[in-house]
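Here's the letter readout for the chains.
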Amino acid sequence: GGTYSNEFRIPGASSQAALDQLHMTFPQAAMSSSTFVIVAPPGATVNDPLVREAVEKTAAELEKISWVDTAQLPYSEYIDGLISADGSAAMMRVQVDGYTVSTFTDAQREQLLDAGAALQDAIPGSTVHVGGDLFSMSLPHLSLVEALGVVVAIIVLVVTLGSFWAALLPLATALVGAGASVLVITAASGVFDINSTTLMLALMLALAVGIDYALFIVSRHRDQLAHGMDAEESAARATATAGSAVTFAGMTVVIALVGLGIAGMPFLAIMGIFAAIAVAIEVALALTLLPALLGFMGERLRGKPASEKRESFNASRWWVGVITRRPVVTTAIVVALLGVLTIPAAGLHLALPNSGHNPPGSAD
């Protein structure tokens, strides 16, 4: 595999045309940059000899770095507005050559942060903040939340299917498909420009549809076993019947994802294509690996015969009676629970990643 490219270009957009023109006409103005904000110690100004000497020394050291083009001092006679009116703060702009926000590495950002920390130490009592364009990229990453989602999924499956072994099958095929999707995307990243968000989208969709599609077939299989059908025959019939619904549902999702390319945004088209590949892999596994696993499990998936399900039917009847006895209360509880479930939507971002997505206190 290769590395992920997090450059988001929108060909044909007016803003993209302006940026491209800026790169051609004023290449230095179009360079990515980092901003150093120097706040002088109490009772001092940034024009004091000690402060100025430390800032100039830091700028000279930064310009020795191979990827730094210029370190624009706030004391330049040609540029105004880089020092506050009271002289308590100043800005120094560090321009980098040949890098965009997406290609600039975390190690390089750390080097700039270290330079800022060294400058702050050189001026006792001062404060130096490092941020700017080069720190504005904020992309989602895999975290503990995804692992917790898998745990919740297995609990729901056990409750729904009433069998631990039956619950494991949809999760197993989904995880195999997710792993295969990650391998495909990782390998393709050495050939295509793929952003890291593509991996997240494909992984989440693979887990979601993988569990969903397998659940169709497993539910049909267990229902047929409960009616006395032979395990091997049931696996075949479940795949032939519920499997057709899986195929149709999968094709619908694949078409929708590939349709993202109509927007004319290359990065969005790539995301849709590889997410569609992940869904297609899950459909293929539901029609091949899952029936094999059903055969392997054999009689262990056979639940209670249909004639012995009256007790569970009576329990369901009791539950229906409970929730319909006070419909207003039940409705209020359901609405309240749905309201709680919508809380995460408050953190949903609907635009391209920028520094506005960073948590408070981060460098941006």
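Cut-off values and rules
Residues numbered from 1 in each chain as written. Predicted model: local features only at pLDDT ≥ 70, side-chain atom pairs only at ≥ 80, totals over all residues. Heavy atoms only, no water. Helix = DSSP H or I, 4+ residues; strand = E, 2+ residues; numbered from the N terminus. Buried < 20%, exposed > 50% of the residue type's maximum accessible area, 1.4 Å probe, protein only. Contact = heavy atoms within 4.5 Å. Areas by Shrake-Rupley, 256 points an atom, 1.4 Å probe, with all protein chains shown as cover. Pairing = 2+ DSSP bridges. Axes fitted to C-alpha atoms, helices over the stretch in contact; angles between N-to-C directions. Parallel < 35°, antiparallel > 145°, perpendicular 65-115°, else oblique. Left-handed = near helix turned anticlockwise from the far one by under 90°. Nonpolar A, V, L, I, M, F, W, Y, C, P; charged D, E, K, R; others polar. Core = buried A, V, L, I, M, F, W, Y, C linked by side-chain atoms within 4.5 Å. Patch = residues over 30% accessible without salt bridge, like charges linked within 9 Å, V, L, I, M, F, W, Y side chains within 5 Å. Salt bridge = Lys/Arg side-chain N within 4 Å of Asp/Glu carboxyl O. Phe/Tyr/Trp six-rings, centres within 6.5 Å; stacked < 30°, edge-to-face > 60°. Lys NZ or Arg CZ within 6 Å of the ring centre and 35° of its normal. Expected span 1.5 Å × (residues − 1). Arc of directions from axis to C-beta.

S.K.: Sorry, what's going on with the overall build of the protein chain here?
M.R.: A count of helical and extended segments in the protein chain gives 11 helices and 4 strands. Per-residue burial for the protein chain yields a buried fraction of 35% across its 364 residues. Taking as baseline every contact in the protein chain between residues at least 6 positions apart, the subset at least 24 positions apart corresponds to 74%. Looking at the protein chain as shown, the accessible area adds up to about 20,500 Å², and 65% of this sits on carbon and sulfur atoms.

S.K.: Help me out: how do you make sense of the pairing of strand E1 (residues 33-39) in this one?
M.R.: For a regular strand, side-chain orientation follows a simple rule: the groups alternate between the two sheet faces. In this structure, E1 lies alongside strand E3 (residues 89-96), joined through 7 bridges in antiparallel fashion. Bridged to Val37 within E3 is Met91. In terms of strand pairing, E1 meets strand E4 (residues 127-131) through 5 bridges, oriented antiparallel. For Thr35, the partnering residue across the bridge sits in E4 and is Gly131.

S.K.: Got a minute to help me understand the sheet that holds E3 in this structure?
M.R.: Within a sheet, neighbouring strands are paired by backbone hydrogen bonds and run either parallel or antiparallel to one another. The 4 strands are arranged E2-E3-E1-E4 in an open sheet whose pairing can be described as antiparallel. Two strands in the sheet have a free side with no partner beyond their single neighbour: strand E2 (68-72) and E4. Averaged over all adjacent pairs, the angle separating strand axes in this sheet is 15°, with direction ignored.

S.K.: Please explain the packing of helix H6 (residues 196-226) against helix H8 (residues 266-287) as it appears in this structure.
M.R.: Where H6 contacts H8, the axes come no closer than 8 Å and their chain directions differ by 25°. When the axes of H6 and H8 are compared, the pair comes out roughly parallel. Crossing geometry of H6 relative to H8 is assigned as right-handed. Counting all contacts with H6, which are made through Thr197, Thr198, Leu201, Ala202, Leu205, Ala206, Leu207, Val209, Gly210, Tyr213 and Ile217, the residues of H8 involved are Ile270, Met271, Phe274, Ala275, Ala278, Val279, Glu282, Val283 and Ala286. Its residues assigned to classes, the contact of H6 with H8 shows 16 nonpolar, 3 polar and 1 charged.

S.K.: Even after reading the chapter, I still don't get the nonpolar core, so can you show me in this structure?
M.R.: Taken as a class, soluble globular proteins show a tendency for nonpolar side chains to be buried jointly. One finds Phe36, Ile38, Leu62 and Leu112 to be the most contacted residues of the largest nonpolar core, which totals 27 residues. Those elements giving two or more residues to this core turn out to be E1, helix H2 (49-63), E2, E3, helix H3 (106-122) and E4. Counting residues per element, this core draws most heavily on H2, at 5 residues. Ala214, Ala242, Ala275 and Val279 belong to the second-largest nonpolar core, a separate cluster that totals 24 residues.

S.K.: Would you take a moment to explain a nonpolar patch on the surface for this structure?
M.R.: Where nonpolar side chains cluster on the molecular surface, the patch consists of Val151, Ile155 and Val159 and spans about 290 Å² of accessible area. A relative accessible area of 45% places Val151 in the partly exposed class.

S.K.: Where do I start with the packing of helix H7 (residues 231-258) against H8 in this structure?
M.R.: A pair of packed helices is characterised by two quantities: the angle between their axes and the separation of those axes. Running from amino to carboxyl end, H7 crosses H8 at an angle of 175°, the nearest separation of the two axes being 9 Å. With respect to each other, H7 and H8 are oriented roughly antiparallel. Contact residues: H7 offers Thr239, Gly243, Val246, Thr247, Gly250, Val253, Val254, Leu257 and Val258, while H8 offers Gly272, Ala275, Ala276, Val279, Ala280, Val283, Ala286 and Leu287. Residues that form the contact of H7 with H8 fall into these classes: 12 nonpolar, 5 polar and no charged.

S.K.: Help me understand the pattern of salt bridges in this model?
M.R.: A side chain of one charge can pair with a side chain of the opposite charge if their charged atoms are brought near each other. A full pass over the atoms with the stated rule returns 3 salt bridges. In this structure, the salt-bridge partner of Arg109 is Asp106, at a minimum N-O distance of 3.1 Å. Pair noted here: Arg109 and Asp106 are both in helix H3, with a separation of 3 residues, about one helical turn. By relative accessible area, which is 12% here, Arg109 ends up buried. By relative accessible area, which is 60% here, Asp106 ends up exposed. Across the pair Glu233 and Arg237 runs a salt bridge whose closest N-O atoms are separated by 2.7 Å. Note that Glu233 and Arg237 are positioned in helix H7 at a spacing of 4 residues, about one turn of the helix.

S.K.: Looking at this structure, how should I read the side chain of Ser189?
M.R.: Residue position: Ser189 is located in the loop between helix H5 (164-188) and H6. Residue classification places Ser189 among the buried residues on the basis of a relative accessible area of 6%.

S.K.: Looking at this model, I keep getting lost on the environment of Ala263. Mind explaining?
M.R.: Mapped onto the elements, Ala263 comes out in the loop between H7 and H8. The class of Ala263 is partly exposed, set by a relative accessible area of 49%. Separated by 253 residues in the primary sequence, Ala263 and Ile10 have C-alpha atoms spaced 9.6 Å apart.

S.K.: Got a minute to help me understand the packing of aromatic side chains in this structure?
M.R.: Summed over all chains, the structure comprises 3 aromatic pairs. Just above the ring of Tyr75 sits the side chain of Arg52; from NZ or CZ to the centre is 4.4 Å.

S.K.: Help me understand H2, please; the structure alone is not making it clear to me.
M.R.: Structural remark: α-helix, 3.6 residues per turn; residues separated by three or four positions point the same way. With 15 residues, H2 should cover 21 Å at 1.5 Å per step; its first-to-last C-alpha distance of 21 Å lies within 8% of that length. Taken together, the buried positions of H2 are occupied by Val51, Ala54, Val55, Thr58, Ala59 and Leu62. All buried residues of H2 project into a common sector of 135° when viewed along the axis, lining one side. Facing away from the buried side of H2 by over 90 degrees, the exposed positions are Pro49, Leu50, Glu53 and Lys57. Buried residues along H2 sit against E1, E2, E3 and H3.

Nothing here speaks to function; it is all geometry.
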